[in-house]
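Here's the letter readout for the chains.
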Amino acid sequence: MRKKIKTKPQFKSKPKQKIKKVPDVSLLKVPTGINGFDEITIGGLPKGRPTLVCGSAGCGKTLLAMEFLVRGAIQFHEPGVFIAFEENAEELAQNVASLGFDLDDLARKKKIIVDYIFIERSEIEETGDYDLEGLFIRLKHAIKSIGAKRVVIDTIEVLFSGFSNPHILRAELRRLFRWLKEQGVTAIITGEKGGEGTLTRYGLEEYVADCVIVLDHRITDQISTRRLRIVKYRGSLHGTNEYPFLIKDSGFSILPITSVGLNHKATDERLSTGVPRLDVMLGGKGYYRGSSILVSGTAGTGKTILALHLVNDACRRGERCLYLASEESTAQIIRNAKSIGINLEPWIQKKLLYFNVSRPTYTGLEMQLVTLDSLLKKFRPSIVVIDPITGLTSIGSSEEVKSMLMRMIDILKSNYVTTLCTSLTHGGNNIEQTEVAVTSLIDTWILVREIEHNGERTRGLYVLKSRGMPHSNQIREFLITNKGIDLTDVYVGQGMVLTGAARKVQELKEKAAFRAGRDKMERIKRELERRRLLMEAKINEIHAEYESLEEEMHEKLKVHEAQEKALVLDKSVIAQMRKADHKIDQDQDQDQDQGQGQDKSNADKNSKIKASEVKK
């Protein structure tokens, strides 16, 4: 007998393993409260870790660090300690007062401590071991006295200014940064800009710090611009581009312009252009709300006037408008608007219209963006006019201006703001091209141009494109009157477009031709009427002749009928006469018949009597 061999399964199922929960090791962050900074750092600075802020003189290192402390104390209820080596508490309080910060008040409320430590570089001598215990004791006491969560050390170079040994410097820097971490405070340490290839003077601090931020104050074509860049951020994603920032009366304002995406919303809501016939050309309803509009044309064609009509109509509806002008002052714009029947002063008094007037060369391209972003947050307009955008070419190349305008339009659309830009074009055959080449970014493009004919220059307007709506492809003559803009139809025919006096002459010719044609038709109508009257007269004459014949015929018929009646009467008399004679004859015949009948009856009776007698 064969033995049955038990076979083992080839694969053995493994017991289910319990999935271990991965602990959340994401880096905790502390919001700074600085406008725009927490966005590019995705939450703020690393909590409980030191951050190095470095840059050249005048770039804003101390102000950034101080705003970090002040915002933390006011907005997040986190007290802070500021260790200063170059400016005392009084000087710092005076300097940051321009930003609206009251350090003395915060110090009285025990929310901030400013500790000034004087170090004379000539008195420092590197001998033996270097010890930071004195600084640690002083700083620890300040932290505990107010329960500080934030610390600033400004600047680190002063602390190590008398030492040249890089090994000692690196070791002490590590020791300082490690001690700050052990205290559980979020710290900012400022550092001066180093030489070529290094961020700081010693070139060591950036390697020890967990987060490194570089501030830059550069001059390009005599235009000053401040920028911020995050060089490294351990344990966290962050924006790696350069971001322009502005130091103004409310503190730092950083614009994350390069991170703006195409996530703005679109709506079917429309708003009037302020010119009724232009609304008709744009599908009868005007612009889309939140869209971008470009009005381009040569000088003197009325681009600004179109913008003023939009602003005036929006303010009349109670909407806020921001007007960014770079070629005319506010007073000049108001005066010029009055000449076309638009009074802007009431809207300014009601705070519905705000003018921001400055030359483009006053700030750089990036600062234009920062200024716009700041005004959007402060004024919150629904309509923005930029008049003109071609002025920006004086502070940058066409590619730089286009890049800036792209980000500007994205910012405005993300804030659901309707934007109208004017652009100056040069004469010639390329009027449908702009100097900054931004037409691909525009939703509605209106072109105003000059038309020359018979020694006269007139204005014409047409819509080159308008996304998402049916629009007119016709040219309209653009008239500027004391009551505003008036769009009229141009004469188009025989391969030419006529405007102005030529159009008037053509209209007079057409009116004359129309009157001539109308007169001819009137003559034809009169001739037809005359012939109709002649025809009716002939018809009446024939009708009268017919009636005369008819009457004669009736008379003849009456005579004939009378004759017939007389004849019938005569016949009846004769008939009656004949009937009387015939009756006499009949009576005589009847008498004879009656006599004969009596005789016969008597004879019959006699015969019957005789027959009866015979029978008997």
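This section reports on the structure supplied with the text. (Residues numbered from 1 in each chain as written. Predicted model: local features only at pLDDT ≥ 70, side-chain atom pairs only at ≥ 80, totals over all residues. Heavy atoms only, no water.)

1. Regarding the overall build of the protein
- Scanning the protein for helices and strands turns up 15 helices and 24 strands.
- Residues counted as buried form 41% of the 616 residues belonging to the protein.
- Across the protein, the fraction of contacts at a sequence separation of at least 24, relative to all contacts at a separation of at least 6, is 70%.
- Working note: accessible area of the protein is about 36,300 Å², and carbon and sulfur atoms make up 52% of it. (Helix = DSSP H or I, 4+ residues; strand = E, 2+ residues; numbered from the N terminus. Buried < 20%, exposed > 50% of the residue type's maximum accessible area, 1.4 Å probe, protein only. Contact = heavy atoms within 4.5 Å. Areas by Shrake-Rupley, 256 points an atom, 1.4 Å probe, with all protein chains shown as cover.)

2. A few points about the pattern of salt bridges
- Scanning the model with the defined rule gives 26 salt bridges in all.
- Of the charged contacts in the structure, one is a salt bridge between D313 and R316, with a shortest N-O distance of 3.2 Å. With D313 and R316 both in helix α10 (residues 303–316) and three residues apart, the pair spans about one turn of that helix.
- When salt bridges that share partners are traced, they join E269, R289, D313, R316, R317 and E319 into one network. (Salt bridge = Lys/Arg side-chain N within 4 Å of Asp/Glu carboxyl O.)

3. Here's the deal with the packing of helix α13 (residues 365–379) against helix α14 (residues 398–414)
- The contact between α13 and α14 brings their axes to 10 Å, and the two run at 10 degrees. Considered as vectors, α13 and α14 are oriented roughly parallel to each other. Of the residues in α14, those in contact with L365, E366, Q368, L369, L372, D373 and L376 of α13 are E400, V401, M404, R407, M408, I411 and L412. (Axes fitted to C-alpha atoms, helices over the stretch in contact; angles between N-to-C directions. Parallel < 35°, antiparallel > 145°, perpendicular 65-115°, else oblique.)

4. Remarks on helix α2 (residues 61–75)
- For α2, built from 15 residues, the straight-helix expectation of 21 Å at 1.5 Å per residue is met to within 8% by its first-to-last C-alpha distance of 21 Å.
- Burial within α2 is extensive, with 11 of its 15 residues counted as buried.
- Within the span of α2, buried status applies to K61, L64, A65, M66, E67, F68, L69, V70, R71, G72 and A73.
- Following α2 by one or two positions, H77 has its phi on the positive side, about 55 degrees. (Expected span 1.5 Å × (residues − 1).)

5. Thoughts on the nonpolar core
- Counting 41 residues, the largest nonpolar core has L278, Y287, L306, Y323, L344, L353 and L461 as its most contacted members.
- Setting aside its immediate chain neighbours within four residues, Y287 contacts E269, R270, L271, T273, L278, L282, I293, L310, L420, T444, I446 and M469.
- One finds V96, L106, I213 and Y243 within the second-largest nonpolar core, a separate group that totals 35 residues. (Core = buried A, V, L, I, M, F, W, Y, C linked by side-chain atoms within 4.5 Å.)

6. So, the sheet that holds strand β7 (residues 186–192)
- Judged by pairing direction, the sheet is mixed, and its nine strands sit side by side in the order β5-β4-β6-β7-β3-β8-β9-β10-β11 without closing on themselves. Each having just a single partner strand, β5 (112–116) and β11 (251–254) make up the two edges of the open sheet. Averaged over all pairs of adjacent strands, the angle between strand axes in this sheet comes to 20 degrees, irrespective of strand direction.
- As paired strands, strand β9 (residues 223–233) and strand β10 (residues 243–248) are joined by two bridges and run antiparallel to one another. Within β10, the position partnered with L228 by the bridge is Y243.
- Across the sheet, α2 touches β3 (50–55), β4 (80–84), β5, β6 (150–154), β7, β8 (211–220), β10 and β11, and the angle it forms with β6 is around 165 degrees. (Pairing = 2+ DSSP bridges.)

Fair warning: the whole summary comes from geometry, so function is off the table for now.
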